[in-house]
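# Overview (structure and organization)
Residue strings, one per chain:
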Amino acid sequence: MVNRLTDQLFTAAVWSAAILVLVMFCWLLGDLLLQGGHHLSWSFLLSAPENAGRSGGIAPILVSTLLILAVALAAAIPLGLATAAWLAEYTRDGGRGARAVRMSLDVLAGVPSIVFGLFGNAFFSIFLGLGFSILSGGLTLACMILPIFIRTSEMGLAAVPDEWRRGAAALGMTRAAALWHLLLPAASPAIATGLMLGIGRATAETAALIFTSGYVDRMPESLSDSGRSLAVHIYELSMNVTGGDEAAYASALILIGLIITINAIAQALSERWLTRRIITA
Amino acid sequence: MNMPSYTLGQIESGPSCCKPVRHLAVNNLSVSYGGKIVLNEVSLDIYKGCITALIGPSGCGKTSFLSALNRLTDLVPGARVSGQAHFGETDLLDPSLDVMALRRQIGMIFQKPNPFPLSIRRNLELPLREHGVRHRELLAAKVQQALHDVGLWEEVRDRLDAPALALSGGQQQRLCIARALVLEPSVLLMDEPCSALDPIASAVVEELIQHLRGSYTVVIVTHNLAQARRLANYAAFFWMSEHVGKLIEYGQCRQIFESPANDLTAAYVAGLSG
């Protein structure tokens, strides 16, 4: 009898926890929609901000955000996959070097983003002379998303059955060929997940960008121009611009929409890749 | 059951049919992992076109012996192979040996079928492409020939682009054999190729191995003594003493099974030990 009661209580607790999470998400989304929904329009998306962002739109900010993201991904994906491959395939017996790299990555993954911002400012903006630019911001973000991207991809590679590695080697295939044709495709779901986590973190970032890509809200003309990202824009509107709340809410809605869209695309792509290349019975 | 048809050189089966031409020469070969010796000083000659069975209980170093012959031991961290092993004129243990080219010559089949998670066609094309075969028609011809050789062509000709992992276990293993054959090796190492298969699939694969005789030099590890007896021209009996694997007796299959010289061999083949 007591056991049945505990079981029922436990069931209730599990259910309410799940419902609580759902309610929080809906509340957040509902709040954003209520406060900023009526501000949304095509012209909001397509026009430049006016009056410090209180009116007008977010077109240059959207462009800057996407450019910063593109720079970050262009730097992080090749570097991340290569490091993950090195960790998972080339140092499997766990040498001292691999342990040191793994530990650095785990520490880096937990470093607050403001620290990355300061580092990016000192290294990319000043030392490399890139100044306040989309390039500086994107590269700083790349540093930020690399740790989690590398570790997720590494785990994905490590989960690929060894029999395919041995099979490929026994056929006289090089390690690079096995990696390219078999292991990376097989690990693609994990890689896509790592990428999504990284993109999520990057698009939501303000602290790392304020000191690197800056907050100029003009349309950027090249990667060496300063550019304001959506998250910085929201921060700016809600903290420093009185009467900018409505535009801030609307921008936040766009940001969430952007993340959901990228998520959906990545999922669809990795699924398509899976069904085309990695087909299990 | 629908028996596959074969095109390989058909040599009458049964022990002692082969002219003993030495193909692989192994002298005092030892294998150790992380300093721990698992196989100690094995010497034997493997003859061209014959089937040589390695028998003995688990853990006595048969698989290590097999892996040393195509240098798959290189993949195991801490593995060390010493002694001498020659494949024709090639020194198998030469550190500067091009192992990728070697493994094209000496193919390997594993216990668990391991087709790649690709289509049937791509499974065969991938290793060919890696070894420089790019011509489309040549690829198609070689794929068809290899599938034909393992009796899989009729079964899969209409679904070459279907996933290889959707095939049955026996078909998967025959695909793996085709994948090794497509590179035109001269030696095939087989590590218990039938042990993960059901009896019917196992019989089909065994029949296929029978037909490889003469065209390929086959070295097969098996725990199935009846299978060894049916297949092999030569048999090597491995045994473990004091945690180290050793070769106890090597000779013609019939002699090993019918008049073994060593008491350990006699007890093992009679099913009294192991």
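Along each chain, numbering runs from 1 in the same order as the chain's sequence is written. The naming scheme follows written order: chains are lettered A onward, ligands numbered 1 onward. Totals for whole chains, interfaces and linings use all residues, but because this is a predicted model, local features are given only for residues with pLDDT of at least 70 and pairs of side-chain atoms are given and counted only at 80 or more.

## What about the overall build of chain B?
Rule in force here: Only DSSP runs of H or I reaching four residues or more are called helices, and only runs of E reaching two or more are called strands; each is numbered from the N terminus. Note on method: radius of gyration uses C-alpha positions; expected globular size equals 2.2 Å times residues raised to 0.38. Once C-beta atoms have been placed from the backbone, residue pairs whose C-beta atoms lie within 7 Å are recorded as contacts.
Of the regular secondary structure elements, chain B holds 10 helices and 10 strands. Its C-alpha radius of gyration of 18 Å places chain B within 12% of the 19 Å reference for a compact globule of 274 residues. Dimensions of chain B, computed from the C-alpha atoms along their principal axes, are close to 55 × 45 × 35 Å. Restricting to contacts in chain B with at least 6 residues of sequence separation, those with at least 24 account for 70%.

## Re the overall build of chain A
For clarity, the threshold we go by: Partly exposed residues are those whose C-beta has more than 12 but fewer than 20 other C-beta atoms within 10 Å; with 20 or more the residue is buried, with 12 or fewer it is exposed, and the C-beta atoms are placed from the backbone.
Scanning chain A from terminus to terminus reveals 12 helices and 2 strands. Seen along its three principal axes, the alpha-carbon backbone of chain A occupies a region of about 70 × 65 × 35 Å. Evaluated residue by residue, chain A yields a buried proportion of 40% over its 281 residues. Contacts spanning at least 24 positions in sequence make up 76% of the contacts within chain A whose residues lie at least 6 apart.

## Concerning the packing of helix H3 (residues 59-90) of chain A against helix H6 (residues 134-158) of chain A
Axis angle and axis distance: for two packed helices, these are the angle between their axes and the distance between the axes, and together they describe the pair. Using the following cut-off: What counts as an axis is a line fitted to C-alpha atoms, over the stretch in contact for a helix, and the angles between N-to-C directions run from 0 to 180 degrees. Each crossing gets its handedness from the near helix: less than a right angle anticlockwise from the far helix is left-handed, clockwise is right-handed.
Relative orientation of the contacting elements H3 of chain A and H6 of chain A amounts to 35°, with a least axis distance of 6 Å. Every pair of crossing elements has a handedness; the one defined by H3 of chain A and H6 of chain A is right-handed.

## Some details on the confidence of the model for chain B
Selection criterion: Each residue gets a pLDDT score, which is the predictor's confidence in that residue and runs from 0 to 100.
Looking at chain B, the pLDDT average stands at 89 and 93% of residues meet or exceed 70. Across the interfaces of the predicted complex, the ipTM metric reaches 0.86, alongside a pTM of 0.81.

## Some thoughts on the packing of H6 of chain A against helix H9 (residues 188-203) of chain A
Residues and elements named next belong to chain A. In plain terms, the rule: Roughly parallel means an angle under 35 degrees; roughly antiparallel, over 145; roughly perpendicular, 65 to 115; everything else is oblique. Residues are grouped as follows: nonpolar covers Ala, Val, Leu, Ile, Met, Phe, Trp, Tyr, Cys and Pro; charged covers Asp, Glu, Lys and Arg; every other residue, Gly included, is treated as polar.
At a minimum axis separation of 8 Å, H6 and H9 run at an interaxial angle of 160°. Relative to H9, H6 is oriented roughly antiparallel. Of the two possible hands of crossing, H6 and H9 adopt the one that is right-handed. Every residue of H9 that contacts H6 at Leu141, Met144, Ile145, Ile148, Phe149, Thr152, Ser153, Met155 and Gly156 is listed here: Pro189, Ala190, Ile191, Thr193, Gly194, Leu195, Leu197, Gly198, Arg201 and Ala202. Of the residues belonging to the contact of H6 with H9, the class tally is 12 nonpolar, 6 polar and 1 charged.

## What about unusual backbone geometry?
One non-glycine residue, Asn51 of chain A, adopts positive backbone phi at about 55°. Positive phi, close to 55°, is recorded for Glu184 of chain B, a residue that is not glycine. The topology assignment puts Glu184 of chain B in the loop between helix H6 (169-181) and strand E7 (187-191).

## Overview of the interface of chain B and chain A
At the junction of the two partners, chain B supplies 25 residues and chain A supplies 21 residues. Elements supplying a minimum of two residues to the side of chain B that touches chain A: helix H2 (99-105), strand E6 (106-109) and helix H3 (120-130) of chain B. It is H2 of chain B that contributes the most residues to the side of chain B that touches chain A, 4 residues altogether. Per-class residue counts for the side of chain B that touches chain A are 16 nonpolar, 4 polar and 5 charged.

## A few points about the nonpolar core
This is how the line gets drawn: In plain words, the nonpolar core is the set of buried Ala, Val, Leu, Ile, Met, Phe, Trp, Tyr and Cys residues that C-beta atoms within 7 Å link up.
Counting 146 residues, the largest nonpolar core has Ala72 and Ile145 of chain A together with Ala53, Ala178 and Ala235 of chain B as its most contacted members. Look past the residues within four positions of Ile145 of chain A in its chain and what remains in contact with it is Ala72, Ala76, Gly198, Arg201 and Ala202 of chain A.

## Quick notes on the pairing of strand E8 (residues 217-221) of chain B
Residues and elements named next belong to chain B. This is how it is decided: Pairing between strands requires that DSSP locate at least two bridges from one strand to the other. With the strands pointing away from the viewer, any crossover whose connection runs clockwise from the first strand over the helix to the second is right-handed.
In terms of burial, E8 is a largely internal element, 5 of the 5 residues being buried. Across the two faces of E8 the burial is the same, with Thr217, Val219 and Val221 and Val218 and Ile220 all buried. In this structure, strand E3 (residues 51-55) lies alongside E8, joined through 4 bridges in parallel fashion. Within E8, the position partnered with Ala53 by the bridge is Ile220. For the segment spanning E7, helix H7 (residues 199-212) and E8, crossover handedness is right-handed.

## A word on the environment of Leu139 of chain A
All names here are of chain A. Within the secondary structure layout, Leu139 lies in helix H6. For Leu139, a count of 25 C-beta atoms within 10 Å corresponds to the buried category. Sequence separation of Leu139 and Ser213 is 74 residues, and the distance between their C-alpha atoms is 9.8 Å. Those residues in contact with Leu139 that sit more than four places away from it in its chain are Val71, Ala75, Gly120 and Phe124.

## Considerations on the pairing of strand E9 (residues 234-241) of chain B
Every other side chain in a regular strand lies on the same face of the sheet, so the side chains alternate between the two faces. Residues and elements named next belong to chain B. The buried fraction of E9 amounts to 6 of the 8 residues, a majority that puts the element mostly inside the structure. Pairing between E9 and strand E10 (residues 244-252): 8 bridges, direction antiparallel. Looking at the pairing, Ala236 lines up with Tyr250 of E10. In textbook terms, the turn of a hairpin is the stretch between consecutive antiparallel strands, and for E9 and E10 this stretch comprises 2 residues, one of which, Glu242, has a positive phi near 50°.

## A closer look at the environment of Leu212 of chain B
Tracing the backbone through its elements, the reader meets Leu212 of chain B in helix H7. Taking C-alpha positions, Leu212 of chain B is 22 Å from Tyr250 of chain B, a pair spaced 38 residues apart along the chain.

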